[in-house]
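Each chain, letter by letter, is given below.
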Amino acid sequence: MKTKKLYFGTNLKMYKTIRMTVDYLQQLEELTRDISRDEIELFVLPSYTSLESAVKSTDNHVVRLGAQNMNWEDEGQFTGDISPVMLKELNLDLVMIGHSERRHVFRETDTEENQKVKAALKHGFTALLCVGETAEDKAYGVSAEVLRTQLKIGFSGVEREKIPSLRVAYEPVWSIGVNGTPATADYAEKMHKEIKSVLAEIFGEDGRTIPVLYGGSVNPGNTCQLITRKYVDGLYVGRAAWEASAFDRLIRESMEAYKNQASK
Ligand code: 13P
């Protein structure tokens, strides 16, 4: 089996203050510095208020930083929102769009996520689009249809040449957070395969090269099973990554499991 680059990211949600974020990033950078960035991409998404200090205290080649959300307009009457221009001012180059908490708590729509994806690309960001079905969708047996809709609308109007600037996180809503149940590796693999085929439909065969990360209750007990699946390109982690040493261990264990299975 050909080896591939692995992707590891964490979304700090609304948990860490500026001080906590900077400490965390410094530890993570130190701990993971020896891991070749040809083998992995590692990214962290702090809260808005921590971004400036995070950028100043982190080597972007070691830990890539990004924002958790963004408005699609450069400026305007959007009280409480942050624009792509403002994020660019911080020298960020990655932005997450459509996290399940944005879609379900803040009622964002696929059309809005699409506007954000297009704005992100226009401003030169890498766009990480999150997709995932709810427990109800799963119970009705429409998970694949939901993912398909989110991807087709989310990436509508995106040119093929933007493929290198795209990432997808598959995060089933029922698997996320303290009340979540992690997806089994078999289930995740099935959905990732589905996602890759929709990406091929949207962008042509090259669409399959867009990294697809699994997220939702990733923990030390399931990383190895997930990362060794053919269609899983990386892990997108919440709680289990919020201590730098735990995230470092999780990354190393995943890399080892992946290499062991790739060499078979
Ligand atoms: P948990 O790993 O805490 O379930 O969170 C996943 C997530 O939402 C990443 O964006």
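Residues numbered from 1 in each chain as written. Predicted model: local features only at pLDDT ≥ 70, side-chain atom pairs only at ≥ 80, totals over all residues. Heavy atoms only, no water.

Draft legend 1. Just the overall build of the chain, in detail. On a plain count of helices and strands, the chain comes out with 10 helices and eight strands. The C-alpha radius of gyration of the chain comes to 17 Å, within 12% of the 18 Å expected for a compact globule of 264 residues. For the chain, the spread of C-alpha atoms along the principal axes amounts to about 55 × 40 × 35 Å. Burial analysis of the chain (264 residues in total) assigns 55% to the buried set. Here the contacts in the chain between residues at least 6 apart in sequence split such that 71% fall between residues at least 24 apart. When the accessible surface of the chain is summed, it comes to about 12,300 Å², and 50% of that surface belongs to carbon and sulfur atoms. Computed over 34 positive and 38 negative side-chain charges, the separation of the two mean positions in the chain equals 4 Å. (Helix = DSSP H or I, 4+ residues; strand = E, 2+ residues; numbered from the N terminus. Rg over C-alpha atoms; globule rule 2.2 N^0.38 Å. Buried < 20%, exposed > 50% of the residue type's maximum accessible area, 1.4 Å probe, protein only. Contact = heavy atoms within 4.5 Å. Areas by Shrake-Rupley, 256 points an atom, 1.4 Å probe, with all protein chains shown as cover. Lys, Arg positive; Asp, Glu negative; His and termini not counted. Charge placed at Lys NZ, Arg CZ, Asp CG, Glu CD.)

Draft legend 2. Up close: the site of the ligand. Residues in contact with the ligand, as listed here, are Asn11, Lys13, His99, Glu171, Ile176, Gly177, Gly216, Ser217, Tyr236, Gly238 and Arg239. Take lysine 13: an N or O atom from its side chain is 2.9 Å from an oxygen atom of the ligand. A distance of 2.8 Å separates an oxygen atom of the ligand from a polar atom in the backbone of serine 217. When the ligand sits alone it has 300 Å² of accessible area, and the protein chains cover 99% of it. Tallied by class, the residues present in the shell around the ligand amount to two nonpolar, six polar and three charged. (Near = heavy atom within 4 Å. Polar contact = N/O pair within 3.5 Å; in protein donor to acceptor, adjacent residues only side chain to side chain. Nonpolar A, V, L, I, M, F, W, Y, C, P; charged D, E, K, R; others polar.)

Draft legend 3. Focus on the pairing of strand β5 (residues 126–131). With six of six residues buried, β5 lies mostly within the body of the structure. Across four bridges, the pairing between strand β4 (residues 94–97) and β5 is parallel. Bridge assignment links methionine 96 to a residue of β5, and that residue is leucine 128. Where β5 and strand β6 (residues 166–170) come together, five bridges link them in parallel fashion. By the bridge assignment, leucine 129 is partnered in β6 with valine 168. (Pairing = 2+ DSSP bridges.)

Draft legend 4. Examining the pattern of salt bridges more closely. Under the defined criterion, the tally for this structure stands at 18 salt bridges. Across the pair aspartate 93 and arginine 64 runs a salt bridge whose closest N-O atoms are separated by 3.2 Å. On the criterion of sequence distance, the pair formed by aspartate 93 in the loop between α3 (84–89) and β4 and arginine 64 in strand β3 (residues 64–65) is long-range, its members being 29 residues apart. Judged by relative accessible area, which is 22%, aspartate 93 ranks as partly exposed. Shared partners join several salt bridges into a network, and the residues in it are Glu41, Arg64, Asp93 and Arg167. (Salt bridge = Lys/Arg side-chain N within 4 Å of Asp/Glu carboxyl O.)

Draft legend 5. A look at the packing of helix α1 (residues 18–32) against helix α2 (residues 48–57). For the pair α1 and α2, the least separation of the axes is 9 Å and the interaxial angle reads 35°. In this structure, α1 meets α2 at a crossing whose hand is right-handed. Seen from α1, the contacting residues are Ile18, Thr21, Val22, Leu25, Gln26 and Glu29; seen from α2, they are Thr49, Ser50, Ser53, Ala54 and Ser57. In terms of residue class, the contact of α1 with α2 is built from four nonpolar, six polar and one charged. (Axes fitted to C-alpha atoms, helices over the stretch in contact; angles between N-to-C directions. Left-handed = near helix turned anticlockwise from the far one by under 90°.)

Draft legend 6. The arrangement of the pairing of strand β1 (residues 6–11) in detail. Within β1, six of the six residues are buried, leaving the element largely enclosed by the surrounding structure. Side-chain alternation along β1 places Leu6, Phe8 and Thr10 on one buried face and Tyr7, Gly9 and Asn11 on a second face that is also buried. In this structure, β1 lies alongside strand β2 (residues 40–45), joined through six bridges in parallel fashion. Note that in β2 the partner of threonine 10 across the bridge is valine 44. Tracing the backbone out of β1, into α1 and back to the parallel element β2 gives a crossover that is right-handed. (Right-handed = clockwise from strand over helix to strand, strands pointing away.)

Draft legend 7. Seen up close, the environment of tryptophan 174. On the secondary structure map, tryptophan 174 appears in the loop between β6 and α8 (185–203). Tryptophan 174 sits in the buried class, given a relative accessible area of 18%. With 137 residues separating them in the primary sequence, tryptophan 174 and arginine 37 have C-alpha atoms 32 Å apart. Each residue touching tryptophan 174, except ones within four places of it in the same chain, is listed here: Glu133, Thr134, Ala135, Lys138, Gly180, Thr181, Pro182, Ala183 and Tyr187. Polar contacts involving the side chain of tryptophan 174 include one to the side chain of glutamate 133, which spans 3.1 Å.

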